[in-house]
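Notes for the structure review
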Amino acid sequence: ETVAQREHDALTALKLSFGNPLLSANWSGSQCSTNRSTWFGIGCTDNRVTSIALQGLGLSGRIDDPLTLAPLTELALLSLRNNLISGPVLNFSFNLKLASLDLSKNSLTGPISDSLLRLDKLELLQLSDNKLNGSIPPFNQTSLKAFNVSNNNLTGEIPTTTILQSFNQSSYLGNPGLCGEPISISCQSLESANDNNAKNRLGLSSLNYLFIVADFVLFLALSWSLFALYSKTRECKAIANVRKGAGEADKNRDVEANSVQNSIQDSVQERVQNSMQISIQRRVEAAEETRKLTFMKGDGGFDLDNLLKSSAEGLGKGSFGSCYKAALDDGRVIVVKRLRDLRPLTKEEFIQNVSFLGALEHPNLMPLLGYYYSPEEKLLVYNFATKGNLFNRIHRGRGTNRIPFKWSSRLAVAVGVARAVEYLHLNAAAPTVIPHGNLRSPNVLLDEDDVAKVSDYGLILLVAPSLAAQRMAAYRTPEYDQQRKVSKMSDVWSYGCLLLELLTGRSPGPKGVELHHWVHRAVREEWTGEVLDREIATQREAVKGMFDLLKLALSCCEASPEKRPQMGEVVTAVETIKNSMEENDSTDRSSSMDESGSSNGSSRTIRYIR
Ligand SMILES: Nc1ncnc2c1ncn2[C@@H]1O[C@H](COP(=O)(O)OP(=O)(O)OP(=O)(O)O)[C@@H](O)[C@H]1O
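What you see is a predicted model, and the numbers here were worked out from it, not measured in a lab.

Attention now moves to the site of the ligand. Contacts to the ligand come from 22 residues, most closely from Leu315, Gly316, Gly318, Ser319 and Asn389. Of all the secondary-structure elements, those providing two or more residues to the shell around the ligand are strand E14 (311-318), strand E15 (321-327) and strand E16 (333-339). In terms of residue class, the shell around the ligand is made up of 10 nonpolar, 9 polar and 3 charged.

If you want it as structure tokens, here you go:
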């Protein structure tokens, strides 16, 4: 596939996301002819797409694949200003020449992509008037001349980087949860105001149980005779109350009590009492039924009540649900994954599949602690991994005060993940082998000792197959289009992509393909040293191990699945690389170096750029 073809495919994907009649009619044929384009809004230089300017066209829809524009590596300008585009901000890790990015006045949601931190040519970044949340990444590119994130739902302290502090407050206004300078809102006062609201956030929005309990409180406040006529509206309002938080619920209850009292004065007492008694009984039963958390081992030491009382915070939204972190009263911190888009499983099937996942035990697998099942709500409960996920460890904080991700730590992660996947592949307890299916760096977590814990395994058993095919990494292998099935070998492919990410510090493209093509080319054309992440390439004595791992990664990424090694062979190979690194370290302690390269690293820095 040529570069032009890849660019063509990327723009076509963009066109399909928008479904706009103008673009549908106009964007056909080839996108660039030398220095110009006949495509509306597209600019080309030397046959490459360098600008996309599609302001105010009423474009709607969402761009599902965050790396849709990854093939446009010469793109310098992107403006989608003043449209109706929804969904998350794209990942621009591969658009390193971007100088001007204007996505303002749309309906974009989610956090500001950290990939923007890597754009060191970025001069203009306009994200105002969207629905973005999360914190502002610590932008500090000296190139940045114009910046605006006003009128979103951003939260937290405005980073104190020189560049972000150089813009005036109009760049930040209209974000109620934002604090710090230059908007002169103290973060402490904002935090204490938020603390009160934070309690129960998880349960309040999610669980049927809670609003049933809230109903009870409401019942006590109202007289028995008021119930029947009001039961319908009450339920809706109770949910609304719950969402707004306990404080507001109290206020609303009083208002409701008054208005209901007025409206039912003429009601027939007897009819009301009968219907209410039945209704209460049903609700008690429902509450009993729905409040049960099932633990894979023992009683877990907490129940749904503890969960609902905990303060919870959103960790992020994945392909099959959202994750919340909840701090229990006893000090434990757990993660609740709220599943969506599931297969239509009966309760028994759901429990059977989840029990199978819960029975898996390996030091490098994030264990499933328990689950919650109700027809409307399915939750999985895990321990919280304090060091976050591998994606952030590799890519986050570049250029700022980041703690270097050492080669030895990367290798330890590579070994841990390989062992976990091998365990999944060899698991004799399973009726058939369930491949991981979605092995990617955000699904590798790091605990307090930096031990890799693979998560999100086996979700293939729970999620709707059509959505799995769209969203899971294993479905993006070269063979999937022909064979239409995922296998152990697709996990091997994903593992190869993960190794490449660890070694190069770059994210794989949407199909995992770009990164692997790029590395192959690099190796073929003998600029291999350049492919290594600079953060580790400074460690000269380890470079051989890095290249060995690179070779292994490339063999895992062989286009033909038969040519890829089995996971057992992969484990042996990575362990051999790790062992020889450790042997070198112990026989040559005097030459062990500071991997951060901060003290004497420069004298040992290899020339890896030709
Ligand atoms: N047990 C955990 N401890 C710490 N962080 C977690 C835990 N489980 C998930 N996360 C983090 O929460 C966020 C959301 O996770 P989730 O599994 O919902 O989506 P994802 O992994 O980003 O995407 P996908 O499900 O599509 O692979 C991710 O950043 C993930 O790393």
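Still to come is the rest of the account.
Once that is clear, we can look at the UniProt feature "binding site: ATP" (unreviewed entry) in the chain. As annotated by UniProt and renumbered to match this structure, "binding site: ATP" (unreviewed entry) occupies Lys337. Taking the C-beta count within 10 Å as the criterion, Lys337 has 21 such neighbours and is therefore assigned buried. Among residues more than four places away in sequence, those in contact with Lys337 are Gly321, Cys323, Leu379, Leu380 and Tyr382.

It is worth spelling out the sheet that holds strand E11 (residues 153-157) at this point. Consider a sheet: its strands pair through backbone hydrogen bonds, and that pairing is either parallel or antiparallel. The sheet built from 6 strands is open, its strands ordered E3-E5-E7-E9-E11-E12 with parallel pairing. Edge positions in the sheet fall to strand E3 (60-62) and strand E12 (177-179), since each has one partner strand and no second. Across this sheet, the average inter-strand angle for adjacent strands is 20°, counted without regard to direction. Relative to strand E5 (residues 84-88), E3 runs parallel, the two sharing 3 bridges. Following the sheet pairing, Ser60 is matched in E5 by Leu84.

This next bit is on the packing of helix H16 (residues 488-504) against helix H20 (residues 543-556). Direction vectors running N to C along H16 and H20 enclose 150°, while the axes themselves pass 7 Å from each other. Considering their axes alone, H16 and H20 lie roughly antiparallel with respect to each other. Considering the relative orientation of H16 and H20, their crossing is left-handed. Here Val492, Trp493, Tyr495, Gly496, Leu499, Leu500 and Leu503 of H16 lie close against H20, whose contacting residues are Met546, Leu549, Leu550, Leu552, Ala553 and Cys556.

Between two packed helices, what matters for the description is the angle formed by their axes and the separation of those axes. At a closest axis distance of 11 Å, the pairing of helix H13 (residues 407-426) and H16 adopts a crossing angle of 175°. For the element pair H13 / H16, the angle class is roughly antiparallel. In this structure, H13 uses Arg410, Val413, Ala414, Val417, Ala418, Val421 and His425 to contact H16, whose residues at the interface are Lys488, Asp491, Tyr495, Leu498, Leu499 and Leu502. Looking at the contact of H13 with H16 residue by residue, the classes come out as 9 nonpolar, 1 polar and 3 charged.

We now examine the environment of Leu365. Within the secondary structure, Leu365 is located in the loop between helix H11 (347-358) and strand E17 (368-373). Owing to 23 C-beta atoms within 10 Å, Leu365 belongs among the buried residues under this scheme. When near neighbours in sequence (up to four residues on either side) are disregarded, Leu365 contacts Leu360, Ala420, Tyr423, Lys453, Val454 and Tyr457.

Structural remark: α-helix, 3.6 residues per turn; residues separated by three or four positions point the same way. With 16 residues, helix H1 (residues 3-18) extends 23 Å from end C-alpha to end C-alpha; this agrees with the ideal 22 Å at 1.5 Å per step. Contacts from the buried residues of H1 go to helix H2 (21-26), strand E2 (48-53) and E3. Just downstream of H1, Gly19 is the residue with a positive phi angle, here 55°.

Here we come to the nonpolar core. Counting 83 residues, the largest nonpolar core has Val417, Tyr495 and Leu499 as its most contacted members. Take this core: its biggest share by element is 10 residues, from H16. In this structure Val417 touches Asn364, Val444, Ala452, Val454, Tyr495 and Leu498, once residues within four positions along its chain are discounted. In terms of nonpolar packing, the next biggest core, distinct from the first, is built from 50 residues, Leu23, Leu80, Ile112 and Leu117 among them.

So, how was this worked out
Residues numbered from 1 in each chain as written. Predicted model: local features only at pLDDT ≥ 70, side-chain atom pairs only at ≥ 80, totals over all residues. Near = placed C-beta within 6 Å. Helix = DSSP H or I, 4+ residues; strand = E, 2+ residues; numbered from the N terminus. Nonpolar A, V, L, I, M, F, W, Y, C, P; charged D, E, K, R; others polar. UniProt positions renumbered as here; feature names shortened; annotations may be inferred. Buried ≥ 20, exposed ≤ 12 C-beta atoms within 10 Å, placed from the backbone. Contact = placed C-beta atoms within 7 Å. Pairing = 2+ DSSP bridges. Axes fitted to C-alpha atoms, helices over the stretch in contact; angles between N-to-C directions. Parallel < 35°, antiparallel > 145°, perpendicular 65-115°, else oblique. Left-handed = near helix turned anticlockwise from the far one by under 90°. Expected span 1.5 Å × (residues − 1). Core = buried A, V, L, I, M, F, W, Y, C linked by C-beta atoms within 7 Å.

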